[in-house]
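Residues per chain, in single letters:
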Amino acid sequence: MTTKPKAAMASLVRPLVEPHCGDLDVTWFTNTAEAMAVAPHVEIGWFDMYAKDKMGEIIATATNLKWLNSIYAGVEHFPLEQLKSQGTILTNGAGLNSAPIAEFAIMMMLAAAKRSDLIVDNQRQHNWLETPPGTTEIDDSKALIIGYGGIGQQIAKKLSGFDVEVTAVRRTETGEPNVIGLDDWRDRLGEFDWIFVSAPATSDTKHLLGADEFAAMKSSAWLINVARGSLVDQDALLSALNEKAIGGAALDVADPEPLPSDHPLWDAPNCIITMHLSGVAQTRMFQRAAARFVKNLERYRNGEEMIAVADFDRGY
């Protein structure tokens, strides 16, 4: 009798994937202690948790893993060197939430253009405004998207409906119209009204935008970051906001997270903070993640190329 491969997954996804796991010996864990106990013994693991430090500890004990699946697109919190040395395949959540995150990014742009945050503040104070706090017109403006993966492409798609001229930055030039390489975007920063950041967090992208970049931007331009806080030099951003060197910043992410309650960024002028909610501003994430897992399980069984395999060397 062939021994069934051992797997471990959260009970949350059980109703969605169990019908496809008949040839697996699955432990459906309900807490971190159960996950920690089973991790060293499994071939297939899906250990996603909100507490990323604890998740990393659990995965570090999973020395027999052949395939680790995750709903997270960012993999910087995984023990990548260990997984690489073990020969573990890591499939991440790249693309699963691209559309809802892009929707959130567009919401942030609209909020910045019309200053809906100030309108809501005045509503709460029962103030009837005579003039709008934001009068920026999006039509015929120019946007730069730094990071043209799944999220960046969805942002561009949605911006097309607003007649925004889009230029995108990606690691490797492909010859596509309005797509430029990593060496070309800084010299053109002064052209754009909106700077969207949707690149992965790696050692190469840490503080990708700092004092020099903010100085090169239009004084009316807004930074919109739906990637990771580490891509922006927060001290330099705070200075740029306080000095009104740029129009403002709409930040879904910060460094660190959660942002401490006494951090000056909370009260910086023309700064909108949305507490890293874009990735959970959706209704079908688990269904999409489960459907991808089922497809990848079939490919894993057949030794075929899997969907969304992370590159350990690039870090995403």
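Residues numbered from 1 in each chain as written. Predicted model: local features only at pLDDT ≥ 70, side-chain atom pairs only at ≥ 80, totals over all residues. Heavy atoms only, no water.

Here the structure, examined in full by the defined rule, presents 12 salt bridges. Among the ionic pairs, E76 bridges to R228, the shortest N-O distance being 2.9 Å. Taken together, the residues E76 in the loop between β4 (67–69) and α4 (80–86) and R228 in the loop between β10 (222–225) and α9 (234–242) connect sequence positions 152 residues apart. The closest approach of N and O atoms between E176 and R170, which form a salt bridge, is 3.0 Å. A relative accessible area of 23% places R170 in the partly exposed class. (Salt bridge = Lys/Arg side-chain N within 4 Å of Asp/Glu carboxyl O. Helix = DSSP H or I, 4+ residues; strand = E, 2+ residues; numbered from the N terminus. Buried < 20%, exposed > 50% of the residue type's maximum accessible area, 1.4 Å probe, protein only.)

Paired through their backbone hydrogen bonds, the strands of a sheet run either parallel or antiparallel. Pairing in this open sheet of five strands is parallel, and the strands run β2-β1-β3-β4-β5 from one edge to the other. Edge positions in the open sheet fall to β2 (25–29) and β5 (89–91), since each of these has one partner strand only. Along the sheet, successive strands turn relative to each other by an average axial angle of 15°, direction set aside. Judged from the three bridges that link them, strand β3 (residues 44–46) and β4 form a sheet pairing that is parallel. Within the sheet, the bridge partner assigned to W46 lies in β4 and is N69. Lying on the sheet, helix α10 (residues 285–302) is in contact with β1 (6–10), β3, β4 and β5; it crosses β3 at an angle near 170°. (Pairing = 2+ DSSP bridges. Axes fitted to C-alpha atoms, helices over the stretch in contact; angles between N-to-C directions. Contact = heavy atoms within 4.5 Å.)

Following the criterion strictly, the structure yields four aromatic pairs and no others. Measuring from ring centre to ring centre gives 5.0 Å for W67 and F293, while their planes differ by 15°; the resulting arrangement is stacked. Of this pair, W67 sits in strand β4 while F293 sits in helix α10, placing them 226 residues apart in sequence. Classification of W67 as buried rests on a relative accessible area of 0%. Owing to a relative accessible area of 0%, F293 belongs among the buried residues under this scheme. By the ring-pair criterion, three or more aromatic residues cluster together here, those being W46, W67, F293 and Y300. (Phe/Tyr/Trp six-rings, centres within 6.5 Å; stacked < 30°, edge-to-face > 60°.)

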